[in-house]
Every structure is written in structure tokens, then in C-alpha cells.
Amino acid sequence: MSSGISGISAAPRERFDAAGRRVLLVCVAGGFTTLLDQSVLNTSIPALRESLHAQPAHLQWIVAGYSLAFGLALIPGGRLGDVKGRKWFFVTGLALFTLVSLVSATATAPGVLIAARLLQGAGAGLVNSQMIGTLQDVFDGQLRARALGMYAVTGGLAFALGPPVGGAVLAAVGPEQGWRLTFLLNVPFGLATVALAVRHLPRPRPSARHADLDLVGLLLVGALTLALMLPFVQPPGWTGWLGFAAVAAILLGALVWWQRRYARSGGHPLIHPALTRSAPYALGTATAMAQFGSSLAAGLVLTMFLQDGLGLSPMGAALVALPSAVAMGVASALAWRVVQRFGRRTVTAGMTGSALVMLAGGLVAHWAPSAALPWLLALLQLFGGASVGLMGATNQAFVLRHAPAEAAGVSGAILQMAQRIAAAVGVSALSGVYLRSTAGGGGHRSAYLYTSLVCAALAGLAVLASVCAGRATARAVPAEATEGAAVSRGRTGVR
């Protein structure tokens, strides 16, 4: 393929060739199909609960089990793609996701749906771990970052568009069949994307640098992911929390020890040494974690407040959030222009805007009259979506530029897994803050204010991490290659 694989063009603008556009289409379609699924389902939970007579524990596993399996599959999937080639892992994961969607749509018992959701999550994790690696393999420079940016934007739009799509389906066919149809929507998109992937993804090109999978490292990472995420899928008591924390600390220590030992013995450790030594990669990942966790938690709590506190229908609540998706898409398309001028400061500015919107949302919800509140919150969602669109894709491009080619899949998988863990922690903790505040008699407005303050504080941590990442990058890059100059010459590739 010639879409920027062999080098960076001196032209100020690079364009995807026909083959590159087809690869990008396959990756964007796979990402949209697998990421839309969960956000659509969130709107259908009340209907699903009534139809299957599901208990609260069942609902926790139906919703969060998908994320758990998704996170568990990411790093093993990325490593397999790095070593064995990506095409057929992509096809297998998407075929599994699509097939099990049929099982989910026809489930008649909560246990069947839980098992299906776990398998769906595993398939989606395998697919998404191949996509970032594929984009890094196929594209270079400006084209690589534009492609990664489009993938990141696709994920954000999928999360934002899910509630309106789910609300529209339920309104059109009714709750009993509506929640089943949300799963069936995956099937035609999934089948079409599988066919396109078989035809257009590049043939598998296993890494010539190494062929060892580091099975011990894979097992330790899987166990660590489980220890970090499982408590938020099925919250334990205080003793359970302490037990999971102790297990996670032990597993983390064992993973660090094993990776060093494996490298000394001549092997190629799962987590590439270049990633562990790179401060910009670590700080950029921390920025992405804080942004992703705070944004998803803020979105969930907003939906709860609009429906439980203001009495809006699911479709009405979805319409309040819709401006966020529109603004995110527009801002993401224009972000490269801002980055060319301001470099990595674009990420910091976007994250600052997001934090201020969360803070303003809590204050508006606490003081504004009820009649005007949905309109004011929709306006804030417009600014919030623009802020996330400005920084989300560009931060990912800046982070992944520090990943070596032989660890393209694993580096992207680590970034995604970190975001998944942050989302699990943020959604579980902040929804708990909201529910406890309302149960304590403080009212929905006060509960939303408290939760928004916490979300804004988390976003503030992302701002701090972004500032530190910018300084670390400036130290790591030669003096003449400042962030703005590097971007304009295509070294970071952000357009």
C-alpha cells in the first residue's frame, strides 16, 4: 500500500489513496459497530429488566461484563496481532461478536444474556486491539495520525450516538422487541464489515523481529486486569475491596519482575521496554484515563439526572446529550488545524474546557429553573463535545507516536485497557456517589452538583497530566523539533 507507508511526503497535505481509504473504512466500521453496542444497550436496560425479570446482579453483569471481557482481550489480542499478523484475528473477533449478537437478541433468561455479553466483549476486544495496530502498520506520519484520530472520533461518536439510537428503536417498536432489536442491529453491520475485512485488510505480516508470545506475561496481565476491573463489575464489601487491592499489588509486582527477568534471558517481554521508559507515553496514557473515566461517568450521571431528577423520557434525555456528538465530530475534523499552530497545548486546552463544562453543569443544575435546565445542559453538552473532540484524537496520536513498530498492537491495547479500567472505576464510583446522595435526602440537584464536582476534579487531573506530558515530550525531542514544528512537518502526523 502506498498510503504513507514508506515515508512522509513533503507536501503540506497528504491524502489517503484508494487502498488506504478501504483499510480505514474497515477499521472505522469495526470500531463503530463494537463500540456502539454498549452505549445503545444502556438505554434499553429498563425494558430488558422487565422482559427477562432480571435482578440487579444480573443487570450489573449484563452491562459491565461486556467491558470486563473487552478489557481482558485487548492486550493478548494486541500481542497476537504483533507476532502472528492482524487480519484473521480481526475477522475472527468480529465474526464472534456478530454471531453472539444473535444469541443476545433471542435470549430468554438472564444467564444466557450474561454469557453472550461476555463472549461479545471478548470478540470486540480482539477486534479493537487489531485496529490500532493495523492503522499503525499501514500508515505513517500525518496519514497515521489522521487515521488514528478518525478511529478515536468513531469511538466517541459511538458512545454519544448510542442513547439517541436506542431511544429511537424503543420508541419505534416498543420496549419488548426494542431491546432485542438493539442487538440485531449489530448483525448486518458486522457481516458487511467481515466481508470488507476479508477483501481489503492487508495480508498477515507477522513480526520479523520476534515470534515469542510471552505467555507468562499475558497470564499476569490478564489476572491483573481481572483484579482491577472485577470489583467494579460485582462490588464486594470492604474486606473484598482490600483483598482485590492486595491481589492487584502482588500481580503488578510479579509482572514487573517477570518482564525484567524475561528481557534479561533474551526474550521479548509483552510490555516493550521503550513503553516503560517513555514518560510522554505514560503521562499521555494517564491523561486519556482521566479524560475517559470522567467523561463516561459524567455522561451516565447526566442521563440519570435527566430521567430521575427532571422526569425526561429516555429519548428526551438522549436529545439533551446529542449536541455533544455533533460538536465532537466537527471539532475532531478541525483539530489538526489547531494542533499545527499550538502543538500539544491543544490537548491541554481541550481538557481544560471539558473540566470547566463539567463544573458549570453542576452549578447550572443546582441553581437554574427546571424549565430552562434541559436547554442549558444541552448547550453545555455542545461545548463539552467540542472540547473532547479537540483533545481526544490528538492525545491518542501524541501518545502512540512513542510506540515502537514491533509493539504497535500492544501499545494501543495498553492505552485502550487503561481507558477501560478508568471507565469501570469512574462509572461505578460516581454513579454510587449520585445514588447515595439522592438516597440521603439531598435531592437530585444537589447529588448532580456533587458528582459534577468530582468529575471536574478528575478532568483537572487530566489537565495536570497533559501539562506534564508536554514538558516530558519537549525534553525527549531535540531542541529544534518543538511540538508545533514536529506536527507541521508530519513527525507526529496530527493533521
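Conventions we followed
- Residues numbered from 1 in each chain as written.
- Predicted model: local features only at pLDDT ≥ 70, side-chain atom pairs only at ≥ 80, totals over all residues.
- Heavy atoms only, no water.
- Helix = DSSP H or I, 4+ residues; strand = E, 2+ residues; numbered from the N terminus.
- Rg over C-alpha atoms; globule rule 2.2 N^0.38 Å.
- Buried < 20%, exposed > 50% of the residue type's maximum accessible area, 1.4 Å probe, protein only.
- Contact = heavy atoms within 4.5 Å.
- Lys, Arg positive; Asp, Glu negative; His and termini not counted.
- Charge placed at Lys NZ, Arg CZ, Asp CG, Glu CD.
- Phe/Tyr/Trp six-rings, centres within 6.5 Å; stacked < 30°, edge-to-face > 60°.
- Core = buried A, V, L, I, M, F, W, Y, C linked by side-chain atoms within 4.5 Å.
- Axes fitted to C-alpha atoms, helices over the stretch in contact; angles between N-to-C directions.
- Parallel < 35°, antiparallel > 145°, perpendicular 65-115°, else oblique.
- Left-handed = near helix turned anticlockwise from the far one by under 90°.
- pLDDT = per-residue confidence, 0-100.
- Patch = residues over 30% accessible without salt bridge, like charges linked within 9 Å, V, L, I, M, F, W, Y side chains within 5 Å.
- Areas by Shrake-Rupley, 256 points an atom, 1.4 Å probe, with all protein chains shown as cover.
- Salt bridge = Lys/Arg side-chain N within 4 Å of Asp/Glu carboxyl O.
- Polar contact = N/O pair within 3.5 Å; in protein donor to acceptor, adjacent residues only side chain to side chain.

**Q** It is not clear to me how the overall build of the chain should be interpreted in this structure. Could you clarify?
**A** Counting its regular elements, the chain contains 17 helices and zero strands. Taking 495 residues into account, the globule formula puts the C-alpha radius of gyration at 23 Å, and the chain, at 22 Å, falls close to it. Projected onto its principal axes, the C-alpha positions of the chain cover 60 × 50 × 45 Å. Taken across its 495 residues, the chain has 55% of its residues classed as buried. Summarising the internal contacts of the chain: among those between residues at least 6 apart in sequence, 84% fall at separations of at least 24. The averaged location of the 14 negative side-chain charges in the chain is 5 Å from the averaged location of its 34 positive side-chain charges.

**Q** Mind showing me how you'd approach unusual backbone geometry here?
**A** Among all residues except glycine, the phi angle is most often negative; among peptide bonds, the trans geometry is most common. Even without glycine at this site, His-53 takes up a positive phi of about 55°. Within the secondary structure layout, His-53 lies in the loop between helix H1 (18–52) and helix H2 (56–84). Overall, the relative accessible area of 64% leaves His-53 in the exposed class.

**Q** What exactly am I supposed to notice about the packing of aromatic side chains here?
**A** In this description, an aromatic ring pair is defined by two values, namely the gap between the centres and the angle between the planes. Going through the model one piece at a time under the given rule, you end up with six aromatic pairs. Between Tyr-66 and Phe-70, the ring centres sit 6.2 Å apart and the planes meet at 50°, which makes this aromatic pair tilted. Separated by four residues within a single helix, Tyr-66 and Phe-70 lie in helix H2, roughly one turn from each other. Looking at Phe-70, the relative accessible area reads 0%, which means it is buried. Taking the centre distance of 6.4 Å and the plane angle of 50° together, the rings of Trp-257 and Trp-258 count as tilted.

**Q** Even after reading the chapter, I still don't get the nonpolar core, so can you show me in this structure?
**A** Nonpolar side chains tend toward joint burial in soluble globular proteins. Ile-75, Phe-90, Leu-135 and Phe-139 are the most contacted members of the largest nonpolar core, which totals 61 residues. Counting residues in each nonpolar core, the second largest holds 17 residues, with Met-304, Ala-317, Ala-365 and Leu-373 among its members.

**Q** Just to check I follow, could you spell out the packing of helix H11 (residues 279–309) against helix H14 (residues 373–400) for this structure?
**A** Think of two packed helices as two axes; the pair is described by the angle between the axes and how far apart they sit. The interhelical angle for the contact between H11 and H14, taken along N-to-C directions, is 160°, at an axis separation of 10 Å. Between H11 and H14, the angle is such that the two are roughly antiparallel. Helix-helix and strand crossings are classified by hand; for H11 and H14 the assignment is left-handed. Of H14, the residues touching H11 (which contributes Tyr-281, Gly-284, Thr-285, Thr-287, Ala-288, Gln-291, Ser-295, Leu-302, Phe-305 and Leu-306) are Leu-373, Leu-377, Gln-381, Val-388, Met-391, Asn-395, Val-399 and Leu-400.

**Q** Honestly, the packing of H1 against helix H7 (residues 186–200) in this entry has me stumped. Any pointers?
**A** Where H1 meets H7, the closest approach of the two axes is 9 Å, and the angle between their N-to-C directions is 155°. On the basis of their axis angle, the class for H1 and H7 is roughly antiparallel. At the point where H1 passes H7, the crossing takes the left-handed sense. Touching Arg-22, Val-23, Leu-25, Val-26, Ala-29, Gly-30, Thr-33 and Asp-37 of H1 are Asn-186, Phe-189, Gly-190, Thr-193, Leu-196, Ala-197 and His-200, all from H7.

**Q** What is the right way to read the confidence of the model for the chain from this model?
**A** Caution applies to low-pLDDT regions: their predicted coordinates should not be interpreted in detail. With 91% of its residues at a pLDDT of at least 70, the chain reaches an overall mean of 82. Between the elements of the chain, mean pLDDT differs from a low of 41, seen in helix H17 (residues 483–488), to a high of 94, seen in helix H3 (residues 87–105). Counting contacts from residues 1–12, a segment whose pLDDT is below 50, to residues more than four positions away or on other chains yields 32 contacts. For the stretch residues 479–495, pLDDT sits under 50, and the model shows 48 contacts to residues farther than four places along the chain or on other chains.

**Q** Please explain the environment of Tyr-434 as it appears in this structure.
**A** Of note, Tyr-434 is situated in helix H15 (residues 408–439). Spatially, the C-alpha atom of Tyr-434 lies 8.8 Å from that of Phe-305, the residues being 129 residues apart in sequence. Non-local contacts of Tyr-434, meaning those with residues more than four positions away in its chain, are made with Val-301, Met-304, Phe-305, Gly-309, His-444, Ala-447, Tyr-448 and Thr-451.

**Q** How do you make sense of a nonpolar patch on the surface when you look at a structure like this?
**A** Taken together, the side chains of Leu-356, Leu-359, Leu-363, Trp-367, Tyr-450 and Leu-453 make up a nonpolar region of the molecular surface, amounting to roughly 640 Å² of accessible area. Elements that contribute at least two residues to the nonpolar patch include exactly helix H13 (345–367) and helix H16 (444–476). Looking at which element gives the most residues to the nonpolar patch, the answer is H13, with four residues. Looking at Leu-359, the relative accessible area reads 32%, which means it is partly exposed.

**Q** Please clarify how the environment of Val-26 should be interpreted in this entry.
**A** Within the fold, Val-26 resides in helix H1. By relative accessible area, which is 0% here, Val-26 ends up buried. Counting along the chain gives 168 residues from Val-26 to Val-194, while the straight-line C-alpha distance between them is 8.4 Å.

**Q** Explain the side chain of Thr-225 to me, please; I cannot follow it from the model alone.
**A** Of note, Thr-225 is situated in helix H8 (residues 215–233). Relative accessible area serves as the criterion here: at 2%, Thr-225 is assigned to the buried category. Here the side chain of Thr-225 touches Val-221 through a polar contact of 2.8 Å, landing on its backbone oxygen.

**Q** Would you mind going over the side chain of Ser-129 with me for this structure?
**A** Residue placement: Ser-129 occurs in helix H4 (residues 110–138). For Ser-129, a relative accessible area of 1% gives the class buried. For Ser-129, the side chain forms a polar contact with the main-chain nitrogen of Gly-78, separated by 3.5 Å. One polar contact links the side chain of Ser-129 to the main-chain carbonyl oxygen of Leu-126, over a distance of 2.9 Å.

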